[in-house]
Amino acid sequence: MAHDPDCIFCKIIDGDIPSFKVFEDEKTLTFMDISPVNPGHVLVIPKYHAPDLMQIPTDWLMATVATAQTVAQAVDKALKPDGINILQSNGPAAGQSVFHLHVHIIPRTAGDKLAFDWGIAPGDMDAIGAVAERIRASVV
Ligand code: AMP
Ligand code: ZN
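Residues numbered from 1 in each chain as written. Chains lettered and ligands numbered in written order. Predicted model: local features only at pLDDT ≥ 70, side-chain atom pairs only at ≥ 80, totals over all residues. Heavy atoms only, no water.

Asker: Mind showing me how you'd approach the coordination of the zinc ion (ligand 2) here?
Answerer: The zinc ion (ligand 2) binds to the protein through C7 (SG), C10 (SG), H49 (ND1) and H100 (ND1); the donor distances cover 2.1 to 2.3 Å. Because the angles between the 4 donor atoms bound to the zinc ion (ligand 2) fall within 105 to 117 degrees, the donor set is best described as tetrahedral. Every donor residue of the zinc ion (ligand 2) comes from the same chain, spaced as C-x2-C-x38-H-x50-H. With C7 in the segment before α1 (8–14) and H49 in the loop between β3 (42–46) and α2 (58–79), this residue pair connects regions lying 42 residues apart in the sequence. (Donors = N, O, S within 2.8 Å, 3.2 Å for Na, K, Ca; no water. Tetrahedral: all angles 85-135°; square planar, octahedral: opposite > 155°, others 65-115°. Helix = DSSP H or I, 4+ residues; strand = E, 2+ residues; numbered from the N terminus.)

Asker: How should I be thinking about the packing of aromatic side chains in this particular structure?
Answerer: In this description, an aromatic ring pair is defined by two values, namely the gap between the centres and the angle between the planes. Counted according to the given criterion, the structure contains 2 aromatic pairs. Relative to F31, the ring of F9 has its centre 5.3 Å away and its plane inclined at 75 degrees; by these criteria the two rings are edge-to-face. Placement of the pair is F9 in helix α1 and F31 in strand β2 (residues 28–32), with a sequence separation of 22 residues. A relative accessible area of 6% places F9 in the buried class. The interplanar angle of 40 degrees and the centroid separation of 5.2 Å between the aromatic rings of Y48 and W60 together place this pair among those described as tilted. One end of the pair, Y48, is in the loop between β3 and α2; the other, W60, is in helix α2, and 12 residues separate them in sequence. Residue classification places W60 among the buried residues on the basis of a relative accessible area of 9%. Between K27 and the ring centre of W60, over which it is positioned, the NZ or CZ distance is 4.9 Å. (Phe/Tyr/Trp six-rings, centres within 6.5 Å; stacked < 30°, edge-to-face > 60°. Buried < 20%, exposed > 50% of the residue type's maximum accessible area, 1.4 Å probe, protein only. Lys NZ or Arg CZ within 6 Å of the ring centre and 35° of its normal.)

Asker: Just to check I follow, could you spell out unusual backbone geometry for this structure?
Answerer: Despite not being glycine, K80 has its phi angle at roughly 45 degrees, a positive value. In this structure, K80 sits in the loop between α2 and β4 (83–87). For K80, a relative accessible area of 64% corresponds to the exposed category. At K113, a residue that is not glycine, the phi angle is positive and equals roughly 55 degrees. Relative to the assigned elements, K113 resides in the loop between β5 (103–108) and α3 (125–136). The class for K113 is exposed, based on a relative accessible area of 74%.

Shown next as structure tokens:
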């Protein structure tokens, strides 16, 4: 399984740095974004180090997309947002800052006027942990 010891998301997979996990299966891991753009912002990653969509083997991408659907369903059930954005960035010019493929799941509220300004301010860890528990309990 491809792995990069210097990659922050590989370290999360290994448990070497902490995360608020909400779902895990053989090929994927889902955890809370540490700087949420809205409450309930989660990241789905493959347990395979590939920098972006172009470089990941298709079976790992398919597993990641399937988990994104499972977790989006959980977010929908747990938080009842007005909408959900699924976002995935490739390359610095596209706003990618962590070079281990990941899919953002972002709950939306009607009229929230969200502008995507990634990773500027760390979130409130108690609030992130509490919403993680709600989503975790809604995974089917
Ligand atoms: P991107 O800009 O698409 O590469 O997104 C990277 C995301 O990873 C940003 O939204 C960051 O807030 C998030 N992030 C970076 N480090 C961590 C971490 N240790 N735990 C959780 N999320 C992280
Ligand atoms: Zn990695």
